[in-house]
Amino acid sequence: MEKKLIVSPSPHIHGGDSTARLMRDVVIALVPAFVLSVIVYGLNSLVLTAVAVGSCVLFEYLIQRFLLKGPNTIGNWSAIVTGVLLAFNVPSTLPVWILILGSLFSIAVAKMSFGGLGRNLFNPAIAGRVFLLISFPAQMASYPVPEGVVDTTSGATPLAFVKEALKKGTSVSDLMPDLPSYGDMLLGFRAGSLGEIAAAALIVGFIYLLWRRVITWHIPVFIVGSMAVFAGILWLADPEQYMNPLFHVLAGGTLLGSIYMATDYVTSPMNVKGMIVYAVGIGVLTILIRVWGAYPEGLSFAILIMNSVVPLINKYMKPRRFGVPVTKAAAAK
Amino acid sequence: MLKTFKIGGIHPADNKLTRGAAIEDFGVPATVTIPVSQHIGAPASPVVKKGDNVKVGQVIATATGFVSSNIHASVSGTVTAVDNVPDGGGLRKQAIVIQVEGDEWEEGIDRTDTLVKECDLDAKEIVAKIAAAGIVGMGGATFPTQVKLSVPPGKKAEFLIINGVECEPYLTADHRVMLERGEELLVGIKILMKCLGVEQAYIGIENNKPDAIAHLSGLAAGYEGIEIVPLRMKYPQGGEKQLIDAVIGRQVPSGRLPIDVGAVVQNVGTALAVYEAVQKNKPLIERVVTVTGKALENPGNYRVRIGTPLRALIERSGGMPEDTGKVINGGPMMGRAVANIEAPVTKGTSGVLLMRDEEALRGTAKACISCAKCVAVCPMGLEPYLLNKLVSKGRLADTEPERVTDCIECGSCSFTCPADLPLLDMIRLGKAEVMRLIRARNAK
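Here the residue numbers are simple positions, counted from 1 along each chain's written sequence. Chains and ligands are labelled by the order in which they are written, letters from A for the one and numbers from 1 for the other. At least 70 in pLDDT is required for a residue's local features to be given in this predicted model, at least 80 for side-chain atom pairs to be given and counted, and no such filter applies to totals for whole chains, interfaces and linings, which use all residues.

## Observations regarding the domain arrangement of chain B
Residue and element names in this part refer to chain B. What counts, and what does not: What counts as a domain boundary in this text is fixed by an automatic or database domain assignment. C-beta atoms are first placed from the backbone for all residues, and any pair lying within 7 Å is then listed as a contact. Numbering of helices and strands starts at the N terminus; helices are DSSP runs of H or I of at least 4 residues and strands are runs of E of at least 2.
Segmenting chain B into domains produces domain 1 (24-107 + 286-358), domain 2 (123-280) and domain 3 (373-443). Centre-to-centre, using C-alpha coordinates, domain 1 lies 24 Å away from domain 2. Domain 1 puts 27 residues into the contact, and the matching count from domain 2 is 21 residues. Mapped onto the side of domain 1 that touches domain 2, the elements with two or more residues apiece are β6 (71-72), β13 (286-292) and β17 (351-356). A total of five residues in the side of domain 1 that touches domain 2 trace back to one element, the largest contributor, which is β13.

## Focus: helix α4 (residues 78-88) of chain A
Residue and element names in this part refer to chain A. Just so we agree on the cut-off: Whether a residue is buried, exposed or partly exposed follows from its count of other C-beta atoms within 10 Å of its own C-beta, namely 20 or more, 12 or fewer, or something in between, respectively; the C-beta atoms are built from the backbone.
Burial within α4 is extensive, with 11 of its 11 residues counted as buried. The complete set of buried residues in α4 reads S78, A79, I80, V81, T82, G83, V84, L85, L86, A87 and F88. As for α4, its buried residues are in contact with α1 (19-29), α3 (43-67), α5 (96-111), α6 (124-135) and α14 (254-261).

## A word on the packing of helix α1 (residues 123-132) of chain B against helix α4 (residues 182-196) of chain B
All names here are of chain B. We apply this condition: All axes here are fitted lines through C-alpha atoms, helices being fitted over the stretch that makes contact, and every angle between N-to-C directions spans 0 to 180 degrees. Working rule for angles: under 35 degrees goes down as roughly parallel, over 145 as roughly antiparallel, 65 to 115 as roughly perpendicular, anything else as oblique. Two helices crossing with the near one rotated counterclockwise from the far one by less than a right angle form a left-handed crossing, whereas a clockwise rotation gives a right-handed crossing. Gly is put with the polar residues, along with every residue not named as nonpolar or charged; the nonpolar set is Ala, Val, Leu, Ile, Met, Phe, Trp, Tyr, Cys and Pro, and the charged set is Asp, Glu, Lys and Arg.
Axis separation between α1 and α4 bottoms out at 8 Å; the angle between their running directions is 120°. The angle between the axes of α1 and α4 places the two elements in the oblique class. Note that α1 runs across α4; the crossing there is left-handed. Only I191, K194 and C195 of α4 make contact with α1, whose side of the interface consists of A123, I126 and V127. Class assignment for the residues of the contact of α1 with α4 results in five nonpolar, no polar and one charged.

## Looking at the sheet that holds strand β3 (residues 45-46) of chain B
Adjacent strands of a sheet pair through backbone hydrogen bonds, lying either parallel or antiparallel. Residues and elements named next belong to chain B. What counts is decided by this rule: Pairing between two strands requires that DSSP report at least two bridges joining them.
Strands sit in the order β3-β5-β6 across an open sheet of three strands; the sheet is antiparallel. Each edge of the open sheet is held by one strand with a lone partner, namely β3 and β6. Where β3 and strand β5 (residues 59-62) come together, two bridges link them in antiparallel fashion. Its bridge partner lying in β5, P46 is registered against A61.

## Things to note about the interface of chain A and chain B
Opposite the 31 residues of chain A that make contact, chain B presents 48 residues. Each residue belonging to the side of chain A that touches chain B can be placed in one class, and the counts come to 16 nonpolar, 11 polar and four charged.

Put into structure tokens, the structure is as follows:
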């Protein structure tokens, strides 16, 4: 008998993309920032990143196997991405056990309790970071300040420093000399979390992600753009009271958050119009919190708030449809 | 910057293995099986019976309504059956089987290569001739051509757009026609223009066929009102609505027809068939078919009599390789997988594609990660992920306000999905149900 042929509906070819490929590319894009982080903070960066990745993968494996009893999903690389991003969001001096607790929250609460990859409402890494920020405020606020390549002292991040100084009534021009130069901020020689410090490395990763078509430019550009516009208006109104837009873009987790966390597929909108609304929302909320809120950095909260709006955005913001809408006059013809 | 359509689209590897293979005459097979329904619309009604002798070009089934098409004998010989015969999918459909004897043609058919440029017929006579010749859209849609050429009262055609895009990977039949039958093609286009009363025709060709663009641009200098429009390669540019958008920048509104924006689209193969019917009295009895596949020994382009079994084409191209997993009638994006290779070449068969075992199976479906890639590639601006979700929850009717009926089934969403979700399969389910609901509503 002749061999039987396979019959299935079209299309009969596939582009070859896979979830694992996309997630792996996110990890690759984060390598330059990781290298810089190890240069600046030394072994601590390596250990914390390894611990976060290891515990995220382990928790996902255990929950999937023993609680959800579903197929093994760690091969899709998403737990690895969560681990790297969570580690990138904490200070290099954070005790390891706290980070493991954060990983547990990210994976167990923010991701698996919703049903796993694709069903979670909030970005797991950011949810983990905010959980740590609220539960361990002291440990999460003590950032080593790099001096030269290896020596570090403990201190406040530029955002925290500015917030404190402005609250005390210091004018912007008086506090400027105590801030790191823009060049240092670009290269990562300033206080901050593991992965957020090196703007240049994060931008290299962004270009890689665009080249590999993992993400589109819309969300990062509109977050940074709306932050710059909002901060710029305030700065033009009173340059002694408000920091300039360049500072806001280079400080804190602006680039890490907007390029790698706000673009998380699962928790961001499904079309360009929706992405723009979401991104502008994040940008505006971030500046609101940074300038008037209780925390020096507002990006994580802004992303979480906008994450929760995504289902609504998807419901009401539709993609550009093909064909001009039929007007009443045309329909009457 | 070359023109292209504005929303969505993908870039599959074009794999045009046979772009350099000149069209060969396949010759006459031992038997042909000619289905009475090779077009959209009512099946034709057979006018021959078992035992009749027929000549090439003789009508063997006549159109049964406005949207229907005549069927002609593609070979000479004896009718051995007028019966239900399994088609590519194994479904039994009415067909006329002819045992070939010699190659005797109907009188009046001009079989020479001489180019006949002048055409004195008026529009009505041309349409009548096209209808008599059984011509249908040869890009795959197989819509009877005379219907498309009959502009409804109150509407006016401004442009004729000729589809030379051939955006399906692997297929090269239209490409070879443009290179080898250019002059006849252009005369065919002039006839179509006369028929529609339009002054301007555009031939849209993607830039992966620079030789066809150059060749036809040279020839078109001698034909007033025909312009070649090179297009930036992007699938599904050969979709009627996408091609109109790319060439003249007008978007056909949802639920309307190309004529509503003043355009009529015809495929390259159709324009050639029109030339042969009107100038040479030759009905649609053969077409160019690409036989291709990565494991096939000798892929090629053939001029094939309608009704020739697919098996004969595969054997001519080196036989079916051991590791063949799938045989597709058409291209890899929109073609139909066949279970039965005894099924015949029909008016809509643009290619026969053999896929190896490792290419034939789909990946296992995984969880949707909301990557939004399906939304970004959909050329109609739909949300495949949402349609998939609604259909998998059994909410088929809810896909109507999400414009499921706009779907052109190009397959870009499934092609792109990193989770290997069968998006188009699910959309088709929703679309079929919504079409049923609409019909039921209209019947009231």
